[in-house]
Structures are given as structure tokens and as C-alpha cells.
Amino acid sequence: MALKRVMVLTGGGDCPGLNAVIRGIVKRASQEPDWEVVGCIESFNGVLREPTEIVVLDGKAVRGIQTQGGTILGTTNKGGPFAWPMKQPDGTWTTVDRSDEMIRKLSYLGVDAVINIGGDGSQRISLGLSKKGLNIVGVPKTIDNDLSMTDYTFGFQTAVQICTEAIDKLVTTAASHNRVFIMEVMGRDAGWIALHSAIAGGADVCLIPEIPYDINAVKAKIEQRYNKRHGFCIIVVAEGAKPKGGDVTGENTGEVGYQHIKLGGVGVQLAAELRAAGVEHDIRYTILGHLQRGGTPIAFDRVLASEFGVRAMEFVLEGRFGQMVAYNHPNIVGIPLEEAVREQNLVNLDNSLVHTAKGLGISFGE
């Protein structure tokens, strides 16, 4: 009996739960005598590089990895089959489309199907490859929770837990020194991490990309906290937050193959704006950065990631290609890739969590 082969890869930023998805795929495939699983190193790079970097994934390779952060396959958020970085003779860089070449190589390697685990950018690549005829299934991954067709992406809840624990720690030092503490969290264009952790951690101010803030409104909330003799204030700010009429804080890194603006530094900027607005209290800031991506995934994300992995493999077995697995409580369903990437999942201002936050007295700087 000729073996059929499914290739698994992880793309974009790393995320707690990636290994649990890989394990779920391998565990489910092991129940089918005519299927084997291989892993591609660093997203599609393992196929596009010479020599090819592909590893066999069996029960031994995935034993116990559901507890590990990161990904045993490695990942990258630079380049890809449609925009492969290429250095020109004059030393400058350009990109070339190697998607057709890659599909031919996959056929040569005996790959019958691909499972692409990644966020919005990765699933756009999945869609492009699907349109070219590749048998591909997507698995949604991002701590930002910004894919609109799934209730949650795995990794998000772990990131929220990390941020909440950080707020808990900042509260004690802020209270001890009567300080204003600003904590900057990830999320890019979506404020979900900031919103959830602000509610869970009992923050006083939550600034998110979807609600541009007025620095005077933030100042007023700070003064209200001190006037009531609380003596400290906790502000959670998403990396994509911006003032009314202003822009996000970030930079073009110039890194080869990296196409996004690198967000970060809004916490520092906010501290400067508050001082300029006349806030005289002691202000400190903490930028959690990649701490939010690391470490052991919490149980929720391990379970969700395992469900995604099992169903993704079953989609391959059923021939349900061109789809992304998604969590629509309580079920794991299939969403056409075109629908999955049509729009971002951003915080709707009518969302019940926004209402809850306001009911708790949290200011959005409006």
C-alpha cells in the first residue's frame, strides 16, 4: 500500500499551542495506516530552500509536546512562496513569486496535502495556494484573536493570562510607590488582549486601536484615582493604540522579507504625552513584548489546539480542502479560506466586553 503524505508547517509569529496542534495532527494520522506526516521547517522555507528541510513526524517526535511553547518546526514571518526575498547584483533586495515552483516540488516530494498553521497572513498564503490547486487546510493561530470567522484562536487565552498576571504584579508596586503604571501589550490592530486583561486585572484605563484616545480624558481618569486617595493608576495600552488625529507608534525595520510596520513604543509615547499634559504623578511603563508569546500554553489553548489539529487532519482525510478549521462554540467547523480572511476580528464598540469594562469604571480615553 502506497503511503499518502501530509505536510504540516507553522508560519507567522510563534504562539503557545502550536505544538499541541502538531501533536493532534500526528495522533489522528497515526490511526490511518496509509498516511504519514512530515513537517516543513520554518513555514514554507523548508520546501523552498536547497537542500530541502523536511522532517518525519511520528509518535516519538510529538510525545508530550503539548506542554511546550513555541513550535518544534520553527516559524518565520518573513517572505513566503509568493514573496521570496532575492538579493540583486547591486546589493538591494526584491521579491519573487516561487509558488508554482514550490507546488511542483511538493508533488515531486509526494506531498498529497498541506496543513498550514498560522494567522491572517499565513491563511492568505493558504488561499493563494488553494486557488492554484494545492490541497491545503488552514488552522487559525494568533495571540491577537483577530480572525473573524472563529470564536477564538489558540494562544490568545494564554497571552491574556500572562498579561493579567503582569497587571497583578504591577498593582503591588504601583500601590507601594503611588505611581501611574502603563503596561503595553501586543495585538496589532485589535484590542482584544488589552481589553480582556484590563478587565481581569482590574485596570483603570484601557487604550485600544479601535477607540482613539484623548490624552486629557486619560489625565482626568488618573486624577480621579488620586483624588479618591487610591494613590495609584494602572493603564493597559495595546501596541496599536493611537491618539485622536494621530498615528500608531512603530517603525519600518528594513528587515528583509518583513512587510509589516513593527509596532511598539506606544507606552513610552503615552508617558511623554501625559507628562506634557500636566500629570505630575510618578509615571512608569512596562512593555511585555514577546513574553506574551512564550511559555507553556494554558489548558484552554491546549484543548482548542488539539481539537484544531485532529479536525484539520480529518478534513484532509475527507478531502475538505480550501477550508480553515474554526471554533464556533461548541463545534469545530470548516470555513472557506476566502471567507476566513475577508475581514479582521476587531473590537466592536457595541461588544458586551466594552460595556462590561465601562460598567467597571474602566476608561477608554474617550
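This is a predicted model, so every value here is computed, not measured.

A. Focus on the pairing of strand 1 (residues 4-10). Within strand 1, 5 of the 7 residues are buried, which leaves it mostly tucked inside the rest of the structure. Of the strand pairs in this sheet, strand 1 and strand 2 (residues 35-40) are connected by 5 bridges, and their pairing is parallel. Counterpart to V8 in the pairing with strand 2 is G39. With respect to chirality, the unit in which strand 1 leads through helix 1 (residues 18-29) into the neighbouring parallel strand 2 is right-handed. The pairing of strand 1 with strand 6 (residues 113-118) spans 5 bridges and is classified as parallel. Looking at the pairing, V6 lines up with A113 of strand 6.

B. Inspection of the packing of aromatic side chains at higher detail. One pass over the structure, following the stated rule, counts 3 aromatic pairs. Summarising the aromatic geometry, the rings of Y152 and F300 are spaced 5.9 Å apart at their centres and angled 85 degrees between planes, so their arrangement reads as edge-to-face. Placement of the pair is Y152 in the loop between strand 7 (136-140) and helix 5 (156-177) and F300 in helix 9 (residues 299-318), with a sequence separation of 148 residues. Residue classification places F300 among the partly exposed residues on the basis of a relative accessible area of 33%. Ring centres 6.3 Å apart and planes at 65 degrees place the aromatic pair F154 and F308 in the edge-to-face group.

C. The arrangement of the sheet that holds strand 10 (residues 233-238) in detail. Ordered in space as 9-10-8-13, the 4 strands form an open sheet in which the pairing is parallel. The open sheet has two free edges, formed respectively by strand 9 (205-207) and strand 13 (283-287), since each of these has just one partner strand. Here the average twist between neighbouring strands, direction ignored, is 20 degrees. With 5 bridges joining them, strand 8 (residues 180-185) and strand 13 adopt parallel strand pairing. The partner of V180 across the bridge, within strand 13, is I283. Relative to strand 10, helix 7 (residues 215-227) is tilted by about 155 degrees, and along the sheet it contacts strand 8, strand 9 and strand 10. The strands touched by helix 8 (residues 266-276) within the sheet are strand 8, strand 9, strand 10 and strand 13, with strand 13 carrying the most contacts at an inclination of about 165 degrees.

Cut-offs and rules
Counting of residues starts from 1 at the beginning of each chain's written sequence and follows it residue by residue. Where totals are concerned, whole chains, interfaces and linings use all residues; where local detail is concerned, this predicted model gives features only for residues with pLDDT of at least 70, and gives and counts side-chain atom pairs only at 80 or more. With hydrogens and water excluded, all non-hydrogen atoms of the structure serve as input to the side-chain values. Relative accessibility under 20% of the residue-type maximum defines a buried residue, over 50% an exposed one, and the middle range a partly exposed one, all with a 1.4 Å probe and only protein chains included. Only DSSP runs of H or I reaching four residues or more are called helices, and only runs of E reaching two or more are called strands; each is numbered from the N terminus. Should DSSP find at least two bridges between two strands, the strands are taken to pair. With the strands aimed away from the viewer, a crossover counts as right-handed if its path from the first strand over the helix to the second runs clockwise. Side-chain rings of Phe, Tyr and Trp (the six-membered ring for Trp) are treated as a pair once their centres are within 6.5 Å; stacked means planes under 30 degrees apart, edge-to-face means over 60, and tilted covers the remaining angles. Axis lines are fitted to C-alpha atoms, over the contacting stretch for helices. Their N-to-C directions set the angle, which ranges from 0 to 180 degrees. Whether two residues are in contact is decided by their heavy atoms, any of which lying within 4.5 Å being enough.

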